[in-house]
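So the chains spell out like this:
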Amino acid sequence: MVRTGMRILFLVGAVLVGACGPPPRSGTATDLAAGDAGSNAAVADTSPTTPGTTARPKPAAPTGLLTTAQARRYMVDLVNADRASMGLAPVVLDEGPPTIAGQAHADDMAKNGYLGHWGTDGSVPEQRHSEAGGSDMVLENASCFVDEATRVLDPQARIDPKNVEKAESMFFNEEPPHDGHRRNILNPRHKRVGIGIAQPVATQTEIPVPCFTQEFVDPYGTYAPVPKQLRVGDTLHVEGTMLAPASVGGVGLARIDPPRALSVKEANTSKRRAYPVPTPTSLYWPPGYKTPIPVQVNGQKFSIDVPVNDGAGMYELSVWARFPGSKDPVMVGLRTIQVK
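All values reported here derive from a predicted model rather than from experimental measurement.

Novice: What exactly am I supposed to notice about unusual backbone geometry here?
Specialist: With the exception of glycine, most residues fall at negative phi, and the peptide bonds are largely trans. Looking along the chain, the bond that leaves proline 176 and enters proline 177 is cis, with omega of 5 degrees. Tracing the backbone shows proline 177 in the loop between α4 (161-172) and α5 (180-185). With an omega of 10 degrees, the peptide bond between alanine 244 and proline 245 qualifies as cis. If you trace the backbone, proline 245 turns up in the loop between β8 (235-242) and β9 (247-256).

Dropping the structure here:
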């Protein structure tokens, strides 16, 4: 929103997660579903377990401008009102890795005037979350302007609550098939969310408008630390404990090219606004399934040693869980490791 002839286009972008079919039983075919044929990705498990609509008023709008901390809490209140309207449990604000990662990305978008899920440093959501200390699965919603103008951020920003409401409304009121943000908000397995908010300094020609990120995470396990860097040919030790109602599913590895810096113009392209989480190229299942290396399971605990031998790049380590009433395993952990 501007005072002179400048124009800011306020848009939104969502992360998609690759679908995975059930692990093959020993001796059966090894086909895995790859998701939507058009995007090679699909939003996984985002239908409410108990469909239905519950009338619930939005929280009372705050009076006056909000600090960033207050705006974060207000956005979570709005998210939870929208979740409650579909009979879903609330999520809790997580000011640790999800907010740290989300804030870094909101800052980058607002400073450079772009919208996308790749940072100008080439980072992707799970990489930012992992580098901030996170280990759970993360799915990102983002909104920002896209005029590619450089701005200075206001470290003491005061946020108009109407802008918080507008962003959440844009996310939640999407209609199929372009409703990735809405489905992300309504994922019944989400428990926590991080919120990033970045607002430029007001100038004589511009009324400041904030950029937002929502980083939904699924904390269904605790995992032993893994190295931040490895070499090709190393063995990666993975272990953890699943938390009820989740039970051990499997472990996956995907290799993607190492991040490279992007120009603002490239980061702002439409193809950067729907990010497909890479599908694992190697999947490891518990004993009894056809698998290159079995995941060792002892109750809710699991462990496995896997080779890192697909060449240099960035590897994505995923942990998969099973839930009561769900046929297919669900990705609940996702971390990145640089491999030289």
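After presenting the structure, the write-up continues.
Novice: I keep staring at helix α1 (residues 68-84) and nothing clicks. Help me out?
Specialist: Since the α-helix turns once every 3.6 residues, residues separated by three or four places project in the same direction. Between the first and last C-alpha of α1 there are 24 Å, a value that for 17 residues agrees with the 24 Å anticipated at 1.5 Å per step. α1 sits mainly inside the fold: 12 of its 17 residues count as buried. Residues Ala71, Arg72, Tyr74, Met75, Val76, Leu78, Val79, Asn80, Ala81, Asp82, Arg83 and Ala84 constitute the buried set of α1. Contact partners of the buried residues in α1: β2 (92-93), α2 (97-112), α4, α5, β4 (192-198) and β5 (211-218).

Novice: Any chance you could explain the pairing of strand β3 (residues 137-145) here in plain terms?
Specialist: Taken residue by residue, a regular strand's side chains alternate between the two faces of the sheet. Across the 9 residues of β3, 9 count as buried, placing the element largely inside the fold. Note: β3 against β5, 7 bridges, orientation antiparallel. Bridging from a neighbouring strand, glutamate 140 pairs with glutamate 215 of β5.

Novice: Just checking my understanding: could you explain the sheet that holds strand β12 (residues 296-298) for this structure?
Specialist: Hydrogen bonds between backbone atoms are what pair the strands of a sheet, whose relative direction is either parallel or antiparallel. If you walk across this open sheet you meet the 4 strands as β6-β8-β13-β12, and the pairing is antiparallel. Unpaired on one side and paired on the other, β6 (221-223) and β12 mark the two borders of the sheet. When strand polarity is set aside, the average angle formed by the axes of neighbouring strands in this sheet is 20 degrees. Where β12 meets strand β13 (residues 301-307), 3 bridges bridge the pair, whose relative direction is antiparallel. The residue bridging glutamine 296 from the neighbouring strand is serine 303, located in β13.

Novice: Where do I start with the nonpolar core in this structure?
Specialist: The nonpolar side chains of a soluble globular protein tend to be buried, and buried together. Core analysis: the biggest nonpolar cluster contains 27 residues, and Met109, Leu115, Met137, Cys144, Phe145, Val277 and Met331 have the highest contact counts within it. At the level of secondary structure, the elements contributing two or more residues to this core comprise α2, β3, β10 (274-277), β14 (313-322) and β15 (330-339). It is β3 that provides the largest number of residues to this core, a total of 5 residues. If sequence neighbours within four positions are ignored, methionine 109 has contacts with Tyr114, Leu115, Gly116, Ala142, Ser143, Cys144, Phe212 and Thr213. The next biggest cluster of nonpolar side chains, apart from the first, holds 26 residues, and it includes Tyr223, Val238, Tyr284 and Phe302.

Novice: Any chance you could explain the packing of α1 against α4 here in plain terms?
Specialist: In a pair of packed helices, the angle between the axes and the distance between the axes together describe the arrangement. The contact between α1 and α4 brings their axes to 10 Å, and the two run at 35 degrees. Like other packed secondary-structure pairs, α1 and α4 cross with a definite hand, here right-handed. On the side of α1, the interface is formed by Ala71, Tyr74, Met75, Leu78, Val79 and Asp82, while α4 contributes Pro161, Val164, Glu165, Ala167, Glu168 and Phe172. Split into classes, the residues belonging to the contact of α1 with α4 amount to 9 nonpolar, no polar and 3 charged.

Rules and cut-offs
- Residues numbered from 1 in each chain as written.
- Predicted model: local features only at pLDDT ≥ 70, side-chain atom pairs only at ≥ 80, totals over all residues.
- Heavy atoms only, no water.
- Helix = DSSP H or I, 4+ residues; strand = E, 2+ residues; numbered from the N terminus.
- Expected span 1.5 Å × (residues − 1).
- Buried < 20%, exposed > 50% of the residue type's maximum accessible area, 1.4 Å probe, protein only.
- Contact = heavy atoms within 4.5 Å.
- Pairing = 2+ DSSP bridges.
- Axes fitted to C-alpha atoms, helices over the stretch in contact; angles between N-to-C directions.
- Core = buried A, V, L, I, M, F, W, Y, C linked by side-chain atoms within 4.5 Å.
- Left-handed = near helix turned anticlockwise from the far one by under 90°.
- Nonpolar A, V, L, I, M, F, W, Y, C, P; charged D, E, K, R; others polar.

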